[in-house]
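# Observations on the three-dimensional arrangement
Spelled out, the chains give:
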Amino acid sequence: IGPAASLKEYETLLAITGKFYVWRLEMRSRIWLSATAAVMASSVSYSFSDAAGPMTVGPWETTVGPNGEIQVPDTDFRKNWTALGTWALSEEDEGVTEQHVVYAPPMSVAAYRKTGKFPDGTVIVKELFKTKSDYMTTGYANWQTDVAGWFVMVKDDKGRFPANDLWGDGWGWAYFDADDRDHPTTKSYKEECVPCHEPAKATDWLYVQGYPVLKGD
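Residues numbered from 1 in each chain as written. Predicted model: local features only at pLDDT ≥ 70, side-chain atom pairs only at ≥ 80, totals over all residues. Heavy atoms only, no water.

## Notes on the pattern of salt bridges
- Summed over all chains, the structure comprises five salt bridges.
- Among the ionic pairs, Asp-120 bridges to Arg-160, the shortest N-O distance being 2.9 Å. Taken together, the positions of Asp-120 in the loop between helix H3 (106–115) and strand S3 (123–136) and Arg-160 in the loop between strand S4 (139–155) and strand S5 (167–168) put the pair 40 residues apart, joining distant regions of the chain. Each member of the pair, Asp-120 together with Arg-160, is buried.
- When the shortest N-O distance is used, the salt bridge between Lys-155 and Asp-204 registers 2.9 Å. Here Lys-155 is found in strand S4, whereas its partner Asp-204 is found in the segment after helix H5 (194–197), with 49 residues between them in sequence.
- Using a relative accessible area of 25% as the deciding quantity, one classes Asp-204 as partly exposed.
- Each member of the salt-bridge network shares a partner with another, and the members are Asp-120, Asp-156 and Arg-160. (Salt bridge = Lys/Arg side-chain N within 4 Å of Asp/Glu carboxyl O. Helix = DSSP H or I, 4+ residues; strand = E, 2+ residues; numbered from the N terminus. Buried < 20%, exposed > 50% of the residue type's maximum accessible area, 1.4 Å probe, protein only.)

Structure (structure tokens):
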């Protein structure tokens, strides 16, 4: 635009300049927000690992909070994890009333098959299903229906959360109702979890006889 530019040309230039300025402000804002989010994420990780160092294997990052809070893992464990085995709970007069399917990350299963124990940070999920039964062409059958809840255990070799009543004896322990994956109903693992797992204390509190996939080659 030269010295003798028209008023319309000046208005066009001002409009372009104004849009460029707004664009620069938006870009600076996006960069600042990204940097802030990264700092916040790193501070959460540091807060969690400050006690005894980060856990060895995942996905504890999406399962354990900075103070030992436990939630159901934010992943499709039915699709991406290894199914260890299924338990069928039955009543004498009612037949099978629940089925429990147990999952663990593939890397944890591979480690167990080599060492005979789950590595620090392993997350185990037991998904509880309601059931129905009826006579089918192959006989009296039972199948899974709705999810009833989840048990979650997180391997902790270093006793990271001594003040949290969901942690102890080498694990984090929690039960969740089906309508809330983020807030466990468990208040004390010693009172609500250990009594059921006591017979399996010698095998790190797990009934491994029901998980043939853990046997080595």
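There's more to say after this.
## Notes on the layout of surface pockets
- Taken as a whole, the largest pocket encloses approximately 510 Å³ of empty space.
- If you trace the largest pocket, you find 22 residues lining it, with Lys-126, Phe-151, Cys-196, His-197 and Tyr-207 closest to the centre.
- The set of elements that each furnish at least two residues to the lining of the largest pocket consists of strand S1 (82–91), strand S2 (95–104), S3, S4, strand S6 (171–177) and H5.
- A class-by-class count of the residues in the lining of the largest pocket yields 16 nonpolar, four polar and two charged. (1 Å grid on protein atoms, 1.4 Å probe; cavity = no way out; pocket = protein on both sides within 12 Å on 5 of 7 lines; lining within 4 Å. Points joined across faces, edges and corners; volume = space filled by probe spheres on them. Nonpolar A, V, L, I, M, F, W, Y, C, P; charged D, E, K, R; others polar.)

## Things to note about the sheet that holds S2
- As summarised here, the arrangement of the six strands in space is S1-S2-S3-S4-S6-S5, forming an open sheet in which the pairing is antiparallel. The outermost strands of the open sheet, each flanked by one partner alone, are S1 and S5.
- For S2 and S3, the ladder comprises six bridges, and the chain directions are antiparallel. When the sheet's bridge partners are listed, Gln-99 is paired in S3 with Phe-129. (Pairing = 2+ DSSP bridges.)

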